[in-house]
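Residue strings, one per chain:
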Amino acid sequence: TFPNFGTADGCETNANENQKVYYHKIGEKQENDVLIAEFPHEPKWRFSSEISDCGFYLIFYIMVGCNENLVYFADLRKTPEITGKLDFVKVVTEFKYDYEFITNNENIFYFRTNDKAPNYRIITIDFNDPNAEWKTLIEEHPKNVLDWACCVNKNKLVLHYMVDVRSALQVHCLETGKFDFEFKIDYGCIQGFSGDRDSSEIFFQFVSFLVPGIVYH
């Protein structure tokens, strides 16, 4: 993504506006990049994007501030050769809540959100019919905040909760949301995590007032 920087000598005070998103093919010159998204009628919109785990969808986030985002997507199978702007489907159209993509099983997409859940919950959205009722996979905890979620080992969800001032790391089933087990962690915080859906291994770093940092495998 490329905003319109104008000058960048360190004394500018204006906000960057009119961000654009380009498709870059590895091995090609940047001058050959293809413009795939821009919204000139909304100059303050900022974008980020990621590819779904299956590789068929581009998930497109739109933000204005630090929180609350819109969600669009493009089915890349409809444009095997990207030569221009993508045709986006709108999933979230109001800046009211946070939505964070976790993973997907074909057209069923999993998101972490605070929509109707201040402490966050996990929902599923059918991208074949995004206007259909969204389903709750894991309910909001009445007290603990769901800080992030990650899919590992094909069908496991690792959930990181903040319990008062310490981290709690749980594992749930991706398909059912059912609780599996919780890692035994001392009082402190997890400050780093590495894991993905294609791997059965995870790593996380634990720190506390008494522990400068330990990486667990």
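Residues numbered from 1 in each chain as written. Predicted model: local features only at pLDDT ≥ 70, side-chain atom pairs only at ≥ 80, totals over all residues. Heavy atoms only, no water.

Within this structure, the stated rule accounts for 0 disulfides. Take Cys-173: it sits in no disulfide, and the sulfur closest to it among the cysteines is that of Cys-151, at 9.9 Å. (Disulfide = S-S within 2.5 Å.)

Right, let's get into the sheet that holds strand S16 (residues 189-194). Taken in spatial order, the 3 strands of this open sheet run S16-S17-S18, and their pairing is antiparallel. In this open sheet, the two edge strands, each paired with only one partner strand, are S16 and strand S18 (214-216). Neighbour-to-neighbour, the strand axes of the sheet open up by a mean angle of 25°, direction not taken into account. (Pairing = 2+ DSSP bridges. Helix = DSSP H or I, 4+ residues; strand = E, 2+ residues; numbered from the N terminus. Axes fitted to C-alpha atoms, helices over the stretch in contact; angles between N-to-C directions.)

The next point concerns the packing of aromatic side chains. We describe a pair of aromatic rings using the distance from one ring centre to the other and the angle between the two ring planes. Tallied over the full model, the rule gives 21 aromatic pairs. Ring geometry for Phe-47 against Phe-60: centres 5.2 Å apart, planes inclined by 35°, an arrangement best described as tilted. With Phe-47 in strand S4 (residues 46-51) and Phe-60 in strand S5 (residues 57-63), this pair connects stretches of sequence that are 13 residues apart. Phe-47 gets classed as buried once you look at its relative accessible area, which sits at 6%. Here Phe-60 falls in the buried class, since its relative accessible area comes to 0%. Taking the centre distance of 6.0 Å and the plane angle of 75° together, the rings of Tyr-57 and Phe-127 count as edge-to-face. With Tyr-57 in strand S5 and Phe-127 in the loop between strand S10 (121-126) and strand S11 (135-138), this pair connects stretches of sequence that are 70 residues apart. Judged by its relative accessible area of 4%, Tyr-57 is buried. (Phe/Tyr/Trp six-rings, centres within 6.5 Å; stacked < 30°, edge-to-face > 60°. Buried < 20%, exposed > 50% of the residue type's maximum accessible area, 1.4 Å probe, protein only.)

As a further point, take the sheet that holds S5. An order of S4-S5-S6-S7 is seen for the 4 strands of this open sheet, with the pairing classed as antiparallel. Of all strands in the sheet, those with a lone pairing partner are S4 and strand S7 (89-92), marking the two edges. Pairwise comparison of adjacent strand axes, ignoring direction, gives a mean angle of 25° for this sheet. Here S5 pairs with strand S6 (residues 69-75) via 7 bridges, running antiparallel. The residue of S6 that forms the bridge with Ile-62 is Leu-70.

The subject of this paragraph is the environment of Thr-93. Mapped onto the elements of the fold, Thr-93 is located in the loop between S7 and strand S8 (99-105). A relative accessible area of 53% means that Thr-93 is categorised as exposed. Taking C-alpha positions, Thr-93 is 9.5 Å from Ile-62, a pair spaced 31 residues apart along the chain.

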